[in-house]
Amino acid sequence: DVAVVGKTATIPATVDGMDVTAIAAQAFKKSDAKTVYVKAAVTDIEKGAFKKAKTKKIFFYEPAALNTVAKNAFKGANVKVVGVGGSFSESAASQLKKAGASKVKNNGTAK
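Keep in mind it's a predicted model, so treat the numbers as computed, not measured. (Residues numbered from 1 in each chain as written. Predicted model: local features only at pLDDT ≥ 70, side-chain atom pairs only at ≥ 80, totals over all residues. Heavy atoms only, no water.)

### Some thoughts on the pattern of salt bridges
Counted according to the given criterion, the structure contains one salt bridge. As a salt-bridge pair, K54 and D32 come within 3.3 Å of each other at their nearest N and O atoms. In this pair, K54 is assigned in the loop between β7 (44–45) and β8 (57–60) and D32 in the loop between β5 (22–23) and β6 (35–38), connecting sequence segments 22 residues apart. On the basis of relative accessibility, which here comes to 44%, the residue K54 falls in the partly exposed class. (Salt bridge = Lys/Arg side-chain N within 4 Å of Asp/Glu carboxyl O. Helix = DSSP H or I, 4+ residues; strand = E, 2+ residues; numbered from the N terminus. Buried < 20%, exposed > 50% of the residue type's maximum accessible area, 1.4 Å probe, protein only.)

### Section: the sheet that holds β5
Judged by pairing direction, the sheet is parallel, and its three strands sit side by side in the order β5-β7-β9 without closing on themselves. Either end of the sheet is taken by a strand with one partner, and the two such strands are β5 and β9 (68–69). Two strands pair when backbone bridges link them, and β5 and β7 are joined in this way by two bridges, in the parallel orientation. Pairing of I23 across the sheet is with I45, part of β7. (Pairing = 2+ DSSP bridges.)

### Examining the side chain of S31
The residue S31 is located in the loop between β5 and β6 in this model. In terms of polar contacts, S31 uses its side chain to reach the backbone amide nitrogen of A33, at 3.0 Å. When sequence neighbours within four positions are dropped, the list of residues in contact with S31 reads A53, K54 and T55. (Polar contact = N/O pair within 3.5 Å; in protein donor to acceptor, adjacent residues only side chain to side chain. Contact = heavy atoms within 4.5 Å.)

### Looking at the pairing of β6
When strand β2 (residues 8–11) meets β6, the two strands line up parallel, connected through four bridges. Counterpart to T8 in the pairing with β6 is T35. Across four bridges, the pairing between β6 and β8 is parallel. Its bridge partner being in β8, V38 is matched across the sheet by F60.

### Some details on the packing of aromatic side chains
Per the counting criterion, the structure on display carries five aromatic pairs. For the ring pair F50 and F74, a centre distance of 5.6 Å and an interplane angle of 20 degrees mean the geometry is stacked. One end of the pair, F50, is in the loop between β7 and β8; the other, F74, is in the loop between β9 and β10 (80–84), and 24 residues separate them in sequence. A relative accessible area of 1% means that F50 is categorised as buried. Given the relative accessible area of 1%, F74 is considered buried. Measuring from centroid to centroid gives 5.6 Å for F60 and F88, while their planes differ by 75 degrees, and the two rings are edge-to-face. With F60 in strand β8 and F88 in the loop between β10 and α1 (90–98), this residue pair connects regions lying 28 residues apart in the sequence. (Phe/Tyr/Trp six-rings, centres within 6.5 Å; stacked < 30°, edge-to-face > 60°.)

### Observations regarding the sheet that holds strand β11 (residues 103–108)
The six strands lie next to each other as β1-β2-β6-β8-β10-β11, forming an open sheet whose pairing is mixed. Each end of this open sheet is capped by a strand with a single partner; those strands are β1 (3–5) and β11. Put simply, the sheet's adjacent strands are angled 15 degrees from each other on average, direction ignored. (Axes fitted to C-alpha atoms, helices over the stretch in contact; angles between N-to-C directions.)

Here's what the structure looks like:
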């Protein structure tokens with residue numbers, strides 16, 4: 001259950017008592033959400049999750065949890081990915097860039 005208010009989407013840490021651990025394939029495909037806040041300890045971003053999305057910034061509140069980013073997760077999107085108050089692993093940062101993120105920033109703030 002992603003909460004969407006205007007052009008902002010928030011992925012919660014839990015849904016119905018279950019931990020959120022992935023952003024599914026095509027979850028935000030062609031989405032109009034300009035900003036996405038990931039409050040969950042997401043470990044995986046699946047293929048095409050943000051394909052052709054209008055999303056400009058994605059803020060991860062638990063960046064160290066991210067392990068796997070599928071190829072083309074951000075295909076056709078121009079998105080900056082920010083780890084809030086922490087860092088992505090070197091492997092995750094590399095995967096984010098290879099998947100099409102325009103920029104990856106560690107220890108950022110949610111602005």
